[in-house]
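What the coordinates show
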Amino acid sequence: SQSGCSLFPHSHYWIASKRIVTPQGIISGAVEIKGGSIVSIVKNKDWSGKFKQVVDYGNAVVMPGLIDVHAHLDDPGRAEWEGFPSGTKAAAAGGITTLIDMPLNNFPSTVSTETLKLKIEAAEKSIYVDVGFWGGLVPENAFNATALEALLDAGVHGLKSFMCPSGINDFPMTDARHIKAGLSVLAKYKRPLLVHSEIQSVVESHLETEDGGGDPRSYSTYLKTRPPSWEEAAVRELLTVTKDTRSGGPAEGAHLHVVHLSDASSSLDLIKEAKRRGDSITVETCPHYLAFSAEEIPDGDTRFKCAPPIRDAANKEKLWNALMEGDIDMLSSDHSPTVPELKLLNDGNFLKAWGGISSIQFVLPVTWSYGQKYGITLEQLVSWWSERPAKLAGQHSKGAIAIGNHADVVVWEPEVEFDLNEDHPMFVKNPSISAYIGKRLSGKVLATFVRGNLVYKERNHAFAACGSTILAT
Ligand SMILES: NC(=O)N[C@H]1NC(=O)NC1=O
Ligand SMILES: [Zn+2]
Ligand SMILES: [Zn+2]
């Protein structure tokens, strides 16, 4: 390793454990790492003592690092909200080895080759894990195929758009015409379009104003302003264009990914139907929709405000079932922090507070802890958090403990519980806004390796930020 990139100064070594999660099942043995890649996987007893450089983790779980395809690190332009250094340190501490950064909340938004260049410059030498980028699909570039092609040629892994106001002035929303045009360009590149799928309906929109619908400190007031019908309307609209992605269709090769699904009823049924008829479509949900329910959100506790909103307990139950059944394809954090002042923690006004959950460091223990009740397995975790996200982002050398892959590894102890209180090291910039503070979780991250570099170990990060920016080619 280059100086400071790794807390374990060897480039050829073995990670041993009794629980290594591979595509062929959970094995006891060792993963051989050389030059940042996995070069062999040794099964069973015989590794011990044979090799000089062995890190033996005993019964701890060794699995591929998590790939978070949906994170807002707000850099450049709003680094006080998060920024690449703190955001990727938190990711590393949580076992995330790759994240794909969203094109908005940073300033300027990442919607052109020039603004992508600013992103890459901000990320270089300040990231502790690998970071790729989504580009923005906005009205200004949607009908300009040359501009979109330039952005895709410059290395974004796909595009992202909103069907409702994004909350960010220089990231306006798109409609089905923009999305159709975007998909036809993406088809040539075989890269996905990610869509924030809510359409604001005229009837209910007055509730979003200050004097509408009741006490702004009450969560139910906010919940009513963004009903499931907003998600349903958006998905319905999207399916009129995803039919083009079927084999033989005009946008064959393009793919549509619905981000952060909250409505587990009609919206999900529509997506399932589209999959059945052969549309190229996937859907993610986020840990906060699986951990929390509307009933338990205290008045004024705006840490829980996000869009689409966290719905009732029955909906949460349905989301878990859909995940277990495979109808929801993967998970992402939608880490969308801000400064405490904009969360209005004192005021508690749900209608005016910034919408977004701060979570990037805790998605692994949160998924595991809240999934216990449903009997989730380590293999499912890997599928939701590594394998499928890798595929969505076109990362063929990531997402599995397999020979030839990057040595992106998390080592963790699922059985170890901890309290997420002030004593717990939090690496995000503004820890007070996280909805997970105060929770007891199960699943302690011991070590995180990115391309063979030990970037995190027991509250410590590698001295130097040696993560790579990853550009699509
Ligand atoms: N702009 C932005 O990050 N919005 C995110 N926040 C949230 O709660 N949902 C989102 O889409
Ligand atoms: Zn969104
Ligand atoms: Zn988001």
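Attention in this report is confined to the structure presented alongside it. (Residues numbered from 1 in each chain as written. Chains lettered and ligands numbered in written order. Predicted model: local features only at pLDDT ≥ 70, side-chain atom pairs only at ≥ 80, totals over all residues. Heavy atoms only, no water.)

**Re the sheet that holds strand E12 (residues 255-258)**
As a reminder, the rule being used: Paired strands are those between which DSSP finds at least two bridges. Helical segments are the DSSP runs of H or I of at least four residues, strand segments are the runs of E of at least two, and each set is numbered from the N terminus. In this description, contact between two residues means that some pair of their heavy atoms is separated by no more than 4.5 Å. With axes taken as lines fitted to C-alpha atoms, and helix axes fitted only over the stretch in contact, angles between N-to-C directions fall between 0 and 180 degrees.
Strand order in the open sheet formed by six strands is E9-E10-E11-E12-E13-E14, with parallel pairing between adjacent strands. Pairing within the sheet leaves two strands with one partner each, and these edge strands are strand E9 (135-136) and strand E14 (330-331). Alignment of strand E13 (residues 281-285) against E14, held across two bridges, turns out to be parallel. Directly across from Thr-285, in E14, lies its bridge partner Leu-331. Along the sheet, helix H8 (residues 228-242) makes contact with strand E11 (192-196), E12 and E13, crossing E12 at roughly 170 degrees.

**What to know about unusual backbone geometry**
With an omega of 0 degrees, the peptide bond running from Asp-75 to Pro-76 counts as cis. Structurally, Pro-76 can be placed in the loop between strand E6 (66-71) and helix H1 (84-93). Although it is not a glycine, Leu-344 adopts a positive phi angle of roughly 50 degrees. With respect to the secondary-structure elements, Leu-344 resides in the loop between helix H12 (340-343) and helix H13 (363-371). Positive phi, normally seen in glycine, also occurs at Glu-458, with a value near 40 degrees.

**Re the packing of aromatic side chains**
This is how it is decided: Aromatic rings from Phe, Tyr and Trp, taking only the six-membered ring of Trp, are treated as a pair when their centres fall within 6.5 Å; an angle between ring planes under 30 degrees marks them as stacked, one over 60 as edge-to-face, and anything in between as tilted. Think of it in three bands: with a 1.4 Å probe and only protein chains considered, a residue is buried below 20% of the maximum accessible area for its type, exposed above 50%, and partly exposed in between. Lysine and arginine charges are scored as sitting over a ring when NZ or CZ, respectively, is within 6 Å of the ring centre and within 35 degrees of the ring normal.
Applying the stated criterion across every chain, the model contains 14 aromatic pairs. Each ring, one from Phe-427 and one from Tyr-456, has its centre 6.1 Å from the other, and the planes form 80 degrees; the classification is edge-to-face. Taken together, the positions of Phe-427 in the loop between strand E15 (409-419) and strand E16 (440-450) and Tyr-456 in strand E17 (residues 453-457) put the pair 29 residues apart, joining distant regions of the chain. Phe-427 sits in the buried class, given a relative accessible area of 18%. Residue Tyr-456 is classed as buried on the basis of its relative accessible area, which comes to 5%. One aromatic cluster is present, formed by Phe-292, Phe-304, Tyr-370 and Tyr-436 through successive ring pairs. Here the basic side chain of Arg-78 rests over the ring of Trp-81, its NZ or CZ set 5.2 Å away from the ring centre.

**Quick look at the state of the cysteines**
Just so we agree on the cut-off: Disulfide: a pair of cysteine sulfur atoms within 2.5 Å of each other.
Scanning all chains against the criterion turns up one disulfide. Between the sulfur of Cys-5 and that of Cys-466 lies a disulfide, 2.0 Å long from S to S. Judged by the sign of its S-S torsion, about -70 degrees, the cystine formed by Cys-5 and Cys-466 is left-handed. Placement of Cys-5 in the segment before strand E1 (12-22) and of Cys-466 in the loop between strand E18 (460-461) and strand E19 (469-470) is noted, with a sequence separation of 461 residues between them. Cys-5 sits in the buried class, given a relative accessible area of 4%. The thiol sulfur of Cys-286 is not disulfide-bonded, and the nearest other cysteine sulfur, from Cys-306, lies at 7.8 Å.

**Some points on H8**
Worth spelling out the cut-off: To estimate how far a helix should reach, multiply one less than its number of residues by 1.5 Å.
With 15 residues, H8 should cover 21 Å at 1.5 Å per step; its first-to-last C-alpha distance of 21 Å lies within 8% of that length. Within the sequence span of H8, burial applies to Trp-230, Glu-231, Glu-232, Ala-234, Val-235, Leu-238, Leu-239, Val-241 and Thr-242.

**What to know about the environment of Ile-38**
Tracing the sequence through the fold places Ile-38 in strand E3 (residues 37-43). Residue Ile-38 is classed as buried on the basis of its relative accessible area, which comes to 1%. As a C-alpha pair, Ile-38 and Trp-354 span 316 residues in sequence and 42 Å in three-dimensional space. Non-local contacts of Ile-38, meaning those with residues more than four positions away in its chain, are made with Val-31, Glu-32, Ala-400, Ile-401, Ala-402, Ile-403, Gly-404, Asn-405, His-406 and Ala-407.

**Points about the pattern of salt bridges**
Put simply, the test is: Salt bridges, as used here, are contacts in which a Lys or Arg side-chain nitrogen is within 4 Å of a carboxyl oxygen on Asp or Glu.
Taken as a whole and judged by the stated rule, the model has 20 salt bridges. For Asp-279, the salt bridge is made with Arg-246, and the minimal N-O distance between the two is 2.7 Å. Placement of Asp-279 in the loop between helix H9 (266-276) and E13 and of Arg-246 in the loop between H8 and E12 is noted, with a sequence separation of 33 residues between them. Overlapping salt bridges bring together Asp-130, Lys-398, Asp-408 and Arg-451 as one network.

**Description of the coordination of the zinc ion (ligand 2)**
How we decide: Atoms are scored as donors when they are N, O or S and lie within 2.8 Å of the metal, with 3.2 Å used for Na, K and Ca; no water is included, so coordination may look incomplete.
Surrounding the zinc ion (ligand 2) are the protein donor atoms His-196 (ND1) and His-260 (NE2), which sit 2.1 Å from the metal. Taken as a pair, the zinc ion (ligand 2) and the zinc ion (ligand 3) lie 3.7 Å from each other. Here His-196 is found in strand E11, whereas its partner His-260 is found in the loop between E12 and H9, with 64 residues between them in sequence. Summarising the burial analysis for this pair, His-196 and His-260 share the class buried.

**Some words on the site of ligand 1**
Short version of the rule: Near residues are defined by distance, with any heavy atom within 4 Å of the molecule or strand qualifying the residue. Nitrogen and oxygen atoms within 3.5 Å of one another constitute a polar contact, given that in protein one can donate a hydrogen and the other can accept it, and given that sequence-neighbouring residues count only through two side-chain atoms. Only the protein chains shown count as covering a residue, and every accessible area follows the Shrake-Rupley method with a 1.4 Å probe.
Around ligand 1 there are 14 residues in total, and Asn-105, His-196, Ala-307, Ser-336 and Gly-355 lie nearest to it. One of the side-chain nitrogen or oxygen atoms of Asn-105 is found 2.8 Å away from an oxygen atom of ligand 1. Take His-196: an N or O atom from its side chain is 2.9 Å from an oxygen atom of ligand 1. Bound to the protein, ligand 1 loses 97% of the 300 Å² it would expose on its own.

**Topic: the packing of helix H4 (residues 145-153) against helix H5 (residues 176-189)**
Put simply, the rule is: Roughly parallel here means an angle under 35 degrees, roughly antiparallel means over 145, roughly perpendicular means 65 to 115, and every remaining angle is called oblique. In a left-handed crossing the near helix is turned counterclockwise from the far helix by less than a right angle, and in a right-handed crossing that turn is clockwise. As a working rule, the residues Ala, Val, Leu, Ile, Met, Phe, Trp, Tyr, Cys and Pro are called nonpolar, Asp, Glu, Lys and Arg charged, and the rest polar, with Gly in that last group.
Packing of H4 against H5 brings their axes to within 10 Å, and their N-to-C directions diverge by 40 degrees. Classified by the interaxial angle, the pair formed by H4 and H5 is oblique. Considering how the two elements wind past one another, H4 and H5 form a crossing that is right-handed. Contact with H4, carried on its side by Ala-145, Leu-148, Glu-149, Leu-152 and Asp-153, involves Gly-182, Val-185, Leu-186, Lys-188 and Tyr-189 of H5 and no other residues of that element. Taken together, the residues of the contact of H4 with H5 sort by class into six nonpolar, one polar and three charged.

**Quick word on the side chain of Ser-109**
By the secondary structure assignment, Ser-109 is in the loop between strand E7 (96-101) and helix H2 (113-123). Not counting the four nearest positions on each side in its chain, Ser-109 is found in contact with Pro-103, Leu-104, Thr-115, Ile-168, Asp-170 and Phe-171.

**Details of the coordination of the zinc ion (ligand 3)**
Protein coordination at the zinc ion (ligand 3) comes from His-70 (NE2), His-72 (NE2) and Asp-334 (OD), with a distance range of 2.0 to 2.2 Å. Positions of the donor residues of the zinc ion (ligand 3), expressed as sequence spacing, correspond to H-x1-H-x261-D.

**Re the side chain of Arg-191**
Just so we agree on the cut-off: In this charge count, Lys and Arg are treated as positive and Asp and Glu as negative; neither His nor the chain ends contribute.
With respect to the helices and strands, the residue Arg-191 is situated in the loop between H5 and E11. Nearest to the buried, unbridged Arg-191 among oppositely charged side chains is Asp-153, at 5.8 Å. Setting aside residues up to four positions removed in sequence, Arg-191 forms contacts with Leu-152, Val-156, His-157, Gly-158, Leu-186, Gly-253, Ala-254, His-255, Ala-472 and Thr-473.

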